[in-house]
Structures are given as structure tokens and as C-alpha cells.
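Structure at a glance
Spelled out, the chains give:
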Amino acid sequence: MSVQVRISRLTAQDIRRRKSAEPIVSLTAYTAPMAALVDEVADFILVGDSLGMVIYGLDSTVPVTLEMMILHGQAVMRATRKALIVVDMPFGSYEESREQALRSAARVLKETGCGAVKLEGGARMAETVRFLVERGVPVMGHVGLTPQAVNTLGGFKAQGRDRAEWPAILADAEAIAQAGAFAIVVEAVAEPLAAEITRRIAVPTIGIGASAACDGQVLVLDDMLGLTGRVPKFVKTYGDLAGQVRAALATYADEVKARQFPGPAHVYSLKAE
Ligand code: KIV
């Protein structure tokens, strides 16, 4: 007899239905132990390509590869039971053509078992989003500050601070929503613009540095836990894990130097001969 364990994760459609309802809770996670903890509170977990900077110490997300995303996606999937897992499509894996995007997204879905992918870009990516959604790939959009475009944006700068920039950003969000995305990340935009995007589009907006006007929020876990050195201005830190790690390491180093090697239960007695 086989025993079946039913895993009832949230789906992209569940997130889609949360428009204008209970706010959507989300965080990034890249590793199994952290993902297991985040799964206790999150509606969806983003395996973000921010892992390039947070885990690998890169200067931007540009060098991140599909293979890196798949390995971390697999780790997060193994450790979670409840949240929808969304895996970022890295730079260079989807922009060339709709077909390239489908090949990459299919690898991510098949090899990780995740429930959705996320890709960056507005109106210019709408045709690709539609192509993927029509072929069974749930897609989350990402507009406003799109970190993969750091080299053309000239840095990680807030978007839409000048009202003249609004029509283009609004058109981006509308195009991606109409193309079938189930939710859209809105990054680093001024509150009134975030509110206007949220009012205009039919799917949930997930803010990151985009105010409480959005339908939910995603933060980079390591930033909000106080694990990373420099965090963006908009991030509230909910802990000082770096401080706690430093204190634990200092105690450890002091104890080793004082020859206090064994812990309370680490002294093995010899087997009787
Ligand atoms: O990669 C990431 O972590 C993201 C969030 C910043 C939304 O895309």
C-alpha cells in the first residue's frame, strides 16, 4: 500500500484572488533552513535573483544564472509545504524571444516543482507574459525599479518621483496585468503612484519600497532580519541577526582560546573494553 502525503500549497490563483482583500505576506528565501521558517508566515516565498547579491556577494543580479535559480528553487521547495514558491527568471534567460522565455520557464517549473515564475519588465515584456500564461506558466510581473536593468537605469534608484515618469510606469503595470500575470511586484516607487497602479490593475500589487497602498509586501529576508550590512532606506529591520551572530562567534572564539572545547553533552566516554 502506498502512503500519499497531500501538500496543499497556495497557488497563483489563490494569490490572484487576494486583490483588495487580506494583505499578502511575502519574503524572499534562498536556502532550506530559512525557507522552512518563512513558510510558517508567508503566502508566497520569492526565490529572488537578489540571491546573487545576498548569498554570492555579487554587485548586482546581472550575473545570476538559470542553474543558480534552479538549485535554490529546489532547496526552497524541499523545505516548504504551505506557501506558493515563485522563482525569479534571471537576466538573459527570457528577454531574447517568447520561445526562449518558455524554454527557461519550463526548466524552472519542471526542475524545481515551483508554482510560478517572476520576470522583470513592463509593456515590452507583455507579449512574452501572454505567451507563457497561455501555455500554462503562472507569471508574476515586476515593474518600477527593475534591478536587472541596473546598467541602463544608472543604479538602484527610486522610480516615478517625477510625475512625468508616471504614464510609462502605469502603462507597464497595465500591460503586464492585461497579459495575464497573476500579481505584479512594484518596486521602489512613490506612494501615490503605487496607489494609482493598485487602483487601476485587476491583480494584486506586491510592494517593495512602494508603501502600504499595495495589496501586499515582499522584502528581502536577510535585509529585514538585519543580516546584510547596507539595506535600502525603505526597509524596516525586525531583528539584529548580524549582531547575534557576532556575539555568538565572539563567545565561541573566547571559549576555544580558553580550551573550553566541549559543550554540555559533548564528552564521550570510552566504550567498555
Ligand atoms: O530578487 C528579488 O529579491 C526581488 C525582490 C526585490 C522583489 O525581485
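Further up the page is the structure itself.
Everything numeric here is computed off the predicted structure, so don't read it as measured data.

Further remarks concern the overall build of the protein. When its secondary structure is counted, the protein shows 11 helices and 8 strands. Principal-axis analysis of the C-alpha atoms gives the protein an extent of 80 × 55 × 35 Å. Across the 273 residues that make up the protein, the buried fraction comes to 47%. In the protein, once contacts between residues fewer than 6 apart in sequence are set aside, the share between residues at least 24 apart is 59%. Carbon and sulfur atoms provide 55% of the accessible area of the protein, an area that totals close to 14,500 Å². Looking at charge distribution, the protein has the averaged site of its 29 positive side-chain charges lying 3 Å from that of its 30 negative ones.

Because an α-helix packs 3.6 residues into every turn, residues spaced three or four apart end up facing the same way. When helix α6 (residues 126-134) is considered as a whole, its buried residues turn out to be Ala126, Thr128, Val129, Phe131 and Leu132. Looking at the buried positions of α6, the neighbouring elements they touch are α5 (98-112), β5 (139-144) and α8 (166-178). At the exit of α6 stands Gly136, carrying a positive phi of roughly 95°.

One non-glycine residue, Ala188, lies in the positive phi region at around 50°. Structurally, Ala188 is set in the loop between β6 (183-187) and α9 (191-200). Even without glycine at this site, Arg259 takes up a positive phi of about 60°. Here Arg259 shows up in the segment after α11 (241-257). Given a relative accessible area of 67%, Arg259 falls into the exposed group.

Conventions we followed
Residues numbered from 1 in each chain as written. Predicted model: local features only at pLDDT ≥ 70, side-chain atom pairs only at ≥ 80, totals over all residues. Heavy atoms only, no water. Helix = DSSP H or I, 4+ residues; strand = E, 2+ residues; numbered from the N terminus. Buried < 20%, exposed > 50% of the residue type's maximum accessible area, 1.4 Å probe, protein only. Contact = heavy atoms within 4.5 Å. Areas by Shrake-Rupley, 256 points an atom, 1.4 Å probe, with all protein chains shown as cover. Lys, Arg positive; Asp, Glu negative; His and termini not counted. Charge placed at Lys NZ, Arg CZ, Asp CG, Glu CD.

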